[in-house]
Amino acid sequence: MKKLSAAFTLLLLVTLPVRSQDVKLTILHTNDLHSRLAGFAPESAYTPLIINNDRTIGGFARIASIIKNEKQKSGQNTLVIDAGDFLMGTLFHTVETETGFQLPLMKRMGYDIVAIGNHEFDFGPEALARIITNSLKAGDIPQILLGNAVFSRTDDSDNSLEDLYKKEVIRRTTIRDIGGIKIGIFSLLGVDAVKVSPKARPVTFLNPLSFAEKAVKELKSANCNIIICVSHSGVVKDKNGKWAGEDISLASKVHGIDLIISGHTHTVLSRPEIVNGVPVVQAGELGEYVGKIVLSGKNGRYSLESYKLIPVNDSIPGDKVTDDLIKGQQNVITEKILEPLKLDYSKPVAESGFMLECDEHGNLDDSNLGPFVADAIHYFLNCHGLGGDDVSMVSAGVIRDRMMPGFQSAADIFRIVPLGSGSDGIPGYALSRLYVTGRELKNILEVLLVAQRSNPDYHCYFSGVKAEYNPDRRLLKKISKIDIEKPGGKLVNVDLSKRNKKLYSIAANSYMLQFVSIIKKKTHGIVNVVPKDKNGVKVTDMSLGTVDIDANRDGVQEGKEWLAVIDYLKQMKDTNGDGVPNLDSLYSKPVRTFTVVRK
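Here goes a summary of the coordinates provided. (Residues numbered from 1 in each chain as written. Predicted model: local features only at pLDDT ≥ 70, side-chain atom pairs only at ≥ 80, totals over all residues. Heavy atoms only, no water.)

## Remarks on the overall build of the chain
As a reminder of what qualifies: Strands here are runs of E lasting at least two residues and helices are runs of H or I lasting at least four, both read from the DSSP assignment and numbered beginning at the N terminus. To get the radius of gyration, use the C-alpha atoms; to get the globule rule, take the number of residues to the power 0.38 and multiply by 2.2 Å. Burial here depends on accessible area, computed with a 1.4 Å probe over protein chains only, as a share of the maximum for the residue type. Under 20% is buried, over 50% is exposed, and the range in between is partly exposed. In what follows, residue pairs with any heavy atoms lying within 4.5 Å of each other are defined as contacts.
A count of helical and extended segments in the chain gives 16 helices and 28 strands. In terms of C-alpha radius of gyration, the chain reaches 25 Å, essentially the compact-globule figure of 25 Å for 599 residues. By its C-alpha atoms, the chain is 80 × 55 × 50 Å across when sized along the principal axes. A burial count over the chain gives 57% of its 599 residues as buried. In the chain, of all internal contacts separated by at least 6 residues, the share reaching a separation of at least 24 is 75%.

## So, the sheet that holds strand 11 (residues 226-232)
Our working definition: Here, strands pair whenever DSSP counts at least two bridges between them. Think of each axis as a best-fit line through the C-alpha atoms, taken over the contacting stretch in the case of a helix, with angles from 0 to 180 degrees between the N-to-C directions.
Taken together, the six strands give an open sheet; going across it, the order is 8-9-11-14-16-15, and neighbouring strands pair in mixed fashion. Two strands lie at the open edges of the sheet, namely strand 8 (173-178) and strand 15 (273-275), each paired on one side alone. Strand-to-strand twist of the sheet, defined as the mean angle between neighbouring strand axes without regard to direction, takes the value 25°. As defined by bridge partners, strand 14 (residues 259-262) adjoins strand 16 (residues 278-281) across two bridges and the pair is classed as parallel. In the strand pairing of strand 16, Ile261 is matched with Val281. Each of strand 8, strand 9 (181-189) and strand 11 touches helix 8 (residues 208-221); the most contacted strand, strand 9, lies at about 165° to it.

## Points about the layout of surface pockets
We apply this condition: Put plainly, a pocket is an open set of points on a 1 Å grid over the protein atoms alone with protein on both sides within 12 Å along at least five of seven lines, a cavity is a set where a 1.4 Å probe fits but cannot get out, and a lining residue has an atom within 4 Å of a point. Grid points are joined across faces, edges and corners, and a volume is the space filled by probe spheres set on the points. Each residue is assigned to one class: nonpolar for Ala, Val, Leu, Ile, Met, Phe, Trp, Tyr, Cys and Pro, charged for Asp, Glu, Lys and Arg, and polar for all the others, Gly among them.
In this structure, the second largest pocket encloses a volume near 810 Å³. Lining the second largest pocket are 35 residues, and of these Asp375, Phe462, Ser463, Gly464 and Glu485 lie nearest its centre. Residue assignment for the lining of the second largest pocket shows that the elements contributing at least two residues are helix 11 (369-382), helix 13 (438-454), strand 23 (460-463), strand 24 (465-469), strand 25 (479-485) and strand 28 (594-596). A total of five residues in the lining of the second largest pocket trace back to one element, the largest contributor, which is helix 11. When the residues that make up the lining of the second largest pocket are grouped by side-chain class, the tally is 18 nonpolar, nine polar and eight charged.

## Examining helix 8
This is how it is decided: Multiplying one less than the number of residues by 1.5 Å gives the expected span of a helix. Think of it as the arc spanned by the lines of direction from the helix axis to the C-beta atoms. Counting of polar contacts relies on pairs of N or O atoms within 3.5 Å, with two restrictions inside protein: one atom must be capable of donating a hydrogen and the other of accepting it, and residues adjacent in sequence are counted only when both atoms are side-chain atoms.
Its 14 residues give helix 8 an end-to-end C-alpha distance of 20 Å, which sits within 8% of 20 Å, the value for a rise of 1.5 Å per residue. Turning to helix 8, its buried residues are Pro208, Phe211, Ala212, Ala215, Val216 and Leu219. Axial view of helix 8: buried residues confined to an arc of 135°, hence all on one face. Away from its buried face, by an angle of more than 90 degrees, helix 8 presents the exposed residues Lys214, Lys217 and Ser221. For helix 8, the elements touching its buried residues are strand 8, strand 9, helix 7 (191-195), strand 11 and helix 9 (246-253). Where helix 8 starts, the residue carrying a side-chain oxygen 2.9 Å from the main-chain nitrogen of Leu209 turns out to be Asn207. Count one or two residues on from helix 8 and you reach Asn223, which has phi positive near 65°.

## Remarks on the sheet that holds strand 26 (residues 491-493)
Reading across the sheet, the four strands line up as 26-25-24-28 and stay open at both edges, with mixed pairing between neighbours. Looking along the sheet, the strands with just one partner apiece sit at the ends: strand 26 and strand 28. When the angles between neighbouring strand axes are averaged without regard to direction, this sheet yields 25°. Of the strands in this sheet, strand 24, strand 25 and strand 28 touch helix 13, which is tilted by about 115° from strand 25.

## Here's the deal with the packing of aromatic side chains
Let me state the cut-off plainly: Pairing of aromatic rings covers Phe, Tyr and Trp, the last through its six-membered ring, and needs centres within 6.5 Å; plane angles under 30 degrees mean stacked, over 60 mean edge-to-face, and all others mean tilted. Look at NZ for Lys and CZ for Arg. If either is within 6 Å of the ring centre and within 35 degrees of the ring normal, a charge sits over the ring.
The final tally for this structure, using the stated rule, is twelve aromatic pairs. The rings of Phe372, Tyr379, Tyr568 and Tyr587 are connected pair by pair, giving a single aromatic cluster. Taking NZ or CZ as reference, Lys237 lies 4.6 Å from the ring centre of Trp243, over its face.

## What to know about a positive patch on the surface
Here is the rule we go by: A residue counts toward a patch only above 30% relative accessible area and without a salt bridge, and it is joined to like-charged neighbours within 9 Å or, for Val, Leu, Ile, Met, Phe, Trp and Tyr, to nonpolar neighbours within 5 Å. Note on areas: Shrake-Rupley with a 1.4 Å probe; residue coverage comes only from the protein chains shown. Each reported salt bridge corresponds to a side-chain nitrogen of Lys or Arg within 4 Å of a carboxyl oxygen of Asp or Glu. Here the positive residues are Lys and Arg and the negative ones are Asp and Glu; neither His nor the chain ends is included. To locate a charge, the coordinates of NZ of Lys, CZ of Arg, CG of Asp or CD of Glu are taken.
A cluster of like positive charges, contributed by Arg439, Arg473, Arg474, Lys477, Lys498 and Lys501, occupies part of the molecular surface. Take Arg439: it is sitting in helix 13.

## With respect to the packing of helix 5 (residues 125-138) against helix 6 (residues 159-166)
Defined as follows: Put simply, angles under 35 degrees are roughly parallel, angles over 145 are roughly antiparallel, angles from 65 to 115 are roughly perpendicular, and the rest are oblique.
Two numbers describe how helix 5 lies on helix 6: the axes approach to 7 Å, and their chain directions differ by 45°. Classed by the angle they form, the pair helix 5 and helix 6 counts as oblique. Taking contact as the criterion, the partners of Pro125, Glu126, Leu128, Ala129, Ile132 and Thr133 in helix 5 are, on helix 6, Asn159, Ser160, Leu161 and Leu164. Its residues assigned to classes, the contact of helix 5 with helix 6 shows six nonpolar, three polar and one charged.

## Section: the side chain of Thr334
Relative to the helices and strands, Thr334 resides in helix 10 (residues 320-338). When sequence neighbours within four positions are dropped, the list of residues in contact with Thr334 reads Glu339, Pro340, Leu343, Asp344 and Tyr345.

Now the structure itself:
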């Protein structure tokens with residue numbers, strides 16, 4: 001990042017009332033770290049204690065060094081804040097409910113405050129409470145903030161989290177006195193973040209604007225000189241290319257906030273967006289940057305002196321103690337999660353000579369990663385005597401990382417599809433299967449084609465099926481032909497008429513298949529799909545469709561997307577003779593399911 005020019009710095013000046021003495025305040029901030037403790041892509045290349053020898057990004061050892069160096073420059077007048085979604089996204093999060101490792105590590109790195117984002121609720125409020133409680137047992141933790149949460153009066157399943165508020169382990173607001181400056185800080189979860197937090201229930205959330213007004217009033221009455229909102233809401237570009245989103249609206253509508261540290265949208269703001277004199281900042285995602293804000297006092301007032309994003313890359317020598325602690329946690333993950341699956345944290349399972357990605361901000365039709373994951377699920381279910389399926393699918397919303405060139409370990413593969421949990425103690429959503437008629441299959445594909453326009457997370461990738469469609473036609477008239485691809489590449493046409501009662505199986509993770517069961521509700525009764533078992537009996541409990549990958553063992557041994565990907569990679573050919581399978585060059589280009597036919 002280039003240093004801000006003098007002219008641009010003057011453009012950023014924002015006056016904030018403080019006490020009479022002149023003091024500089026440095027604020028370091030991150031957001032959406034998603035448990036990327038060991039850098040990313042691929043982890044086998046990550047060597048944080050050696051500089052200038054790899055292209056990996058991020059990593060907590062490097063972030064710890066940045067915080068340490070900046071604190072040495074700024075002395076005690078430094079505040080370090082994370083704006084939420086610090087958990088969820090790697091194998092590290094899978095053992096957090098037992099070990100409570102990450103929060104004490106962040107405290108040791110120098111974090112003062114962390115906000116709760118939507119992904120902290122991925123396993124529900126009780127699991128979040130266990131993570132925080134076990135973190136307290138493991139050591140000191142940063143002050144946790146979440147302001148606009150509301151707890152149920154009738155459902156006890158959020159009581160443990162509510163108790164942490166009563167003990168002030170989690171607070172709605174906090175006040176810090178730094179260098180004579182009284183700083184009031186509050187956090188909130190935005191509207192979209194709440195919308196994508198179904199597992200947060202029975203916790204609900206106050207309107208963020210209403211809560212922000214209340215919090216500002218409270219902190220003003222406490223004579224705070226500066227008020228900071230840590231908002232897990234977001235900043236996005238509008239159709240005209242201008243910055244918009246919930247945090248821009250927050251800055252324009254709520255008076256009294258002096259700085260908004262934003263998260264949720266994974267946006268890189270290389271310069272603050274100034275709205276009504278309020279700087280809004282966000283530092284990308286996954287620890288790729290640490291934001292640095294410097295407020296300087298002159299004649300009893302403060303100005304935003306400078307802002308920059310510090311790249312977290314191989315030019316930063318990592319902190320050894322932090323790196324050693326992380327390596328110790330990798331051993332815990334191997335013992336608890338990977339060894340029972342006959343996997344190792346660092347051992348390569350495959351090698352890729354090109355990048356696979358699914359960019360939600362780009363052209364999702366051009367993804368090569370989405371079709372690869374769908375093919376992996378299809379292979380897994382059809383090549384291991386698991387009953388097979390006709391159509392396998394995965395949505396862009398559950399694909400969370402790229403596959404970079406190089407050796408891929410189990411940890412690298414897990415990062416691609418890390419979400420969810422099942423009932424067997426193995427992380428990841430369970431793979432499930434249901435059955436529909438040919439006409440219902442057509443209706444499902446039609447609805448998904450429309451749904452992806454409103455939200456890129458709904459963009460789906462398929463394996464085992466080919467379809468022809470006309471995007472110019474109305475709903476339920478778009479798709480004209482569907483073929484099921486049988487082993488050996490043979491295509492079998494699907495009769496799309498109502499008279500065809502033959503059932504076709506669809507497989508995906510359990511979370512995604514829930515969508516099929518509510519299509520009638522989502523389309524206001526226009527489209528009706530009745531999920532069935534293989535005998536044609538209506539299925540109301542979607543868990544009954546969970547695929548059991550080992551019928552010889554008691555209980556249900558759940559298949560997982562990430563394990564399907566590893567299995568698929570392992571059967572690929574070793575083309576360069578190094579003993580490690582190579583990713584098939586088929587995936588160097590997009591693989592398309594739908595063919596546009598305008599007729």
